[in-house]
Amino acid sequence: MNADRTNIFALLLQDGPFAVDRRPPRLAPFSRATKDWSRTLADHHLATIYRVMRNQIHELLQVRSLAEVPALLRDHDRRAAVTHRAYRLLANMFGITGNDREVIAHINTFSRTADGVIRYLQSKVLANYASYIELTNEIDATSCPVELLLTLFDDRYHRKARFEAQRKLVLMQLAAAIDQRERETDMESKFSRFLDFLNEHVWSPDIKIGELETVFLLSEHDQETFACRAVQVIGRAEAKGYRWTTGRKLTLLKRRRFRPNGKEIPIYVTVRKKTAETKVLKLIRKNEENPAVAVDDELGLMGVVDSMLEVKLFHRHLSDSAARAGSLLTLEEVSDSLKGGKHQSGNVGSSPQTPMCKFFARMGGMRVEFILHTNRSYLDYMYRRDVSHDEYEAKRILDSGVAELLFPPDIYHLELENKRQDILRWMRRRIEET
């Protein structure tokens, strides 16, 4: 990964000065080992990162130099006092309020997010290699930033455990930045308002909130590309008689309805609110510490309708609905490849052949990402070779270097560059044969 050596991700690079070695860092300031290591900081930016991190460690651990850390490792009473103070310092840095118990509980959620990032990859893209990248029990069980920090200097811990402690601290910092951003932008309130807008103004008034109609898409797929060649909507009774055969798929949709000009039109909708784990991964992919810069699609909706005409009707209906809610609606960054052409995306792993209508709608003080599909384009998005979302997910994790950064080959003994094709073949079999 071409991680920026001027930001926090430099701490995870195993070919730089912050690499986790077989032994913890030498702490004697004038030892030969320390002098040799200091020569690796010839780069001005790396030296700056080191000074910043050293100062933060001094403050968190209440030490004047790293040479005092071994004594802190042995002094449990002092560690408890240092830990109490560190939680309050971190709370003030990230704007977290509350009593001591509330502050600790809030900061410890960042630990769960950090562990969740690893488990997310274990359960999805790297599912076949889950045992390779499993968390060390002791690091998995540790939420306290001070304890994780002290692990880096404790020779009782194996190199893998010390790397995972360092990685967990980096992921916790990203999670904390995301949490702060969400509180500053009042994201929970905006998400609730968005759902209210949909229920009050967009969906048909004749259906109850959460009322859905179950249908199935029965589709035929090209033998070479697995692109959708034909699709029909069938009900549950017809679907019961379905038997899987090569080149056919049966896809369940639970649809709502909207009513433009008095006509009821069915639409499958999934409202997307990114989890903290996926936001952290996006920051790493984008090589960006600031979630305000990297995460611009926190609110989103994907809809699937039967035809291109209904895509246009939904556009118009959305604008009319916003007006009824008292807001003008404007579309930004519109990209429409449903009628052909190529989808333009700068994201690693994205296929230009992905058919979709994508735009951001600015309305009611919110900026919401909308992705609209026809039944056929949705099935391509789900199943087509080199286009499907599962393949895209795998490619952007592997090709962006995220996996290698989080799981260095010399620590995890997993050469992901050589496993790429195996992972994608496994994805294809799971998509096409189930």
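Quantities reported herein were computed from a predicted structural model and do not represent experimental measurements.

About the cut-offs
Residues numbered from 1 in each chain as written. Predicted model: local features only at pLDDT ≥ 70, side-chain atom pairs only at ≥ 80, totals over all residues. Heavy atoms only, no water. Pairing = 2+ DSSP bridges. Helix = DSSP H or I, 4+ residues; strand = E, 2+ residues; numbered from the N terminus. Axes fitted to C-alpha atoms, helices over the stretch in contact; angles between N-to-C directions. Contact = heavy atoms within 4.5 Å. Salt bridge = Lys/Arg side-chain N within 4 Å of Asp/Glu carboxyl O. Buried < 20%, exposed > 50% of the residue type's maximum accessible area, 1.4 Å probe, protein only. Phe/Tyr/Trp six-rings, centres within 6.5 Å; stacked < 30°, edge-to-face > 60°. Expected span 1.5 Å × (residues − 1). Parallel < 35°, antiparallel > 145°, perpendicular 65-115°, else oblique. Nonpolar A, V, L, I, M, F, W, Y, C, P; charged D, E, K, R; others polar. Core = buried A, V, L, I, M, F, W, Y, C linked by side-chain atoms within 4.5 Å. 1 Å grid on protein atoms, 1.4 Å probe; cavity = no way out; pocket = protein on both sides within 12 Å on 5 of 7 lines; lining within 4 Å. Points joined across faces, edges and corners; volume = space filled by probe spheres on them.

## Overview of the sheet that holds strand β4 (residues 265–273)
Part 1 of the argument: In space, the eight strands of this open sheet follow the order β2-β1-β3-β4-β5-β8-β7-β6, with mixed pairing throughout. Where the open sheet ends on each side, the last strands, each with one partner, are β2 (228–234) and β6 (330–336). Here the average twist between neighbouring strands, direction ignored, is 35°.
Part 2 of the argument: Bridge analysis of strand β3 (residues 248–258) against β4 gives four bridges, and the strand direction is antiparallel. Opposite F258, over in β4, you have I265 as the bridge partner.
Part 3 of the argument: Contacts from helix α9 (residues 187–202) reach β3, β4, β5 (299–305), β7 (357–363) and β8 (366–374) within the one sheet, and its direction differs from that of β4 by about 175°.
Part 4 of the argument: Taken strand by strand, helix α14 (residues 375–383) contacts β1 (213–221), β2, β3, β4, β5 and β8, and its axis lies near 115° from that of β2.

## What about the pattern of salt bridges?
Part 1 of the argument: By the definition in use, this model includes 33 salt bridges.
Part 2 of the argument: R64 is the salt-bridge partner of E68, the closest N and O atoms lying 3.3 Å from each other.
Part 3 of the argument: Residues R428 and E391 are paired through a salt bridge, measuring 2.5 Å at the closest nitrogen-oxygen approach. Placement of R428 in helix α18 (residues 416–432) and of E391 in helix α15 (residues 389–399) is noted, with a sequence separation of 37 residues between them. With respect to burial, R428 and E391 carry one shared label: buried.
Part 4 of the argument: Within the structure, one salt-bridge network assembled from shared partners comprises E332, E333, R362 and R367.

## Some words on the environment of A67
Part 1 of the argument: Relative to the helices and strands, A67 resides in the loop between α2 (44–61) and α3 (69–74).
Part 2 of the argument: As for A67 and T434, which are separated by 367 residues in sequence, their C-alpha atoms are 58 Å apart.

## Digging into the packing of aromatic side chains
Part 1 of the argument: For the coordinates displayed, the defined rule picks out 10 aromatic pairs.
Part 2 of the argument: Between the aromatic rings of F94 and F110, the centroid separation amounts to 6.5 Å while the plane-to-plane angle is 65°, which identifies the pairing as edge-to-face. On the criterion of sequence distance, the pair formed by F94 in the loop between α4 (76–93) and α5 (100–123) and F110 in helix α5 is long-range, its members being 16 residues apart. Of the two residues examined, F94 and F110, each falls in the buried class.
Part 3 of the argument: Note on F194 and F370: the rings are 6.2 Å apart at their centroids and 85° apart in plane angle, and the pair reads as edge-to-face. Of this pair, F194 sits in helix α9 while F370 sits in strand β8, placing them 176 residues apart in sequence.
Part 4 of the argument: Here a set of aromatic residues connected by ring pairs shows up, and it is made of F163, F407 and Y412.

## A look at the environment of V311
Part 1 of the argument: Mapped onto the fold, V311 is located in helix α13 (residues 308–324).
Part 2 of the argument: The class for V311 is buried, based on a relative accessible area of 2%.

## Some details on helix α8 (residues 159–185)
Part 1 of the argument: Between its terminal C-alpha atoms α8 stretches 39 Å, which fits the 39 Å expected from 27 residues at 1.5 Å a residue.
Part 2 of the argument: With 21 of its 27 residues buried, α8 lies for the most part within the structure.
Part 3 of the argument: Directly after α8, the chain includes D186, whose backbone phi takes a positive value near 55°.

## Things to note about the packing of α9 against α13
When two helices pack together, their arrangement is given by the angle between the helix axes and by the axis-to-axis distance.
Part 1 of the argument: Relative orientation of the contacting elements α9 and α13 amounts to 100°, with a least axis distance of 10 Å. In terms of orientation, α9 and α13 fall into the roughly perpendicular class. Between α9, through F197, H201 and V202, and α13, the contact on the second element is made entirely by F314, H317, L318, S321, A322 and R324.
Part 2 of the argument: Of the residues assigned to the contact of α9 with α13, the class counts are five nonpolar, three polar and one charged.

## Description of the nonpolar core
Part 1 of the argument: Core analysis: the biggest nonpolar cluster contains 78 residues, and L61, L126, L171, I284 and L406 have the highest contact counts within it.
Part 2 of the argument: Per element, the largest residue contribution to this core is 10 residues, and it comes from α8.
Part 3 of the argument: Ranked by size, the runner-up nonpolar core spans 28 residues in total, among them F191, F258, V305 and L338.

## Details of empty space enclosed by the protein
Part 1 of the argument: Enumeration according to the criterion identifies one cavity of 30 Å³ or more in this entry.
Part 2 of the argument: The space that makes up the largest cavity amounts to roughly 40 Å³.
Part 3 of the argument: If you trace the largest cavity, you find it lined by H84, Y87, R88, D100, V103 and I104.
Part 4 of the argument: Mapped by element, the contributors of at least two residues to the lining of the largest cavity are α4 and α5.
Part 5 of the argument: For the lining of the largest cavity, the class distribution of residues is three nonpolar, one polar and two charged.

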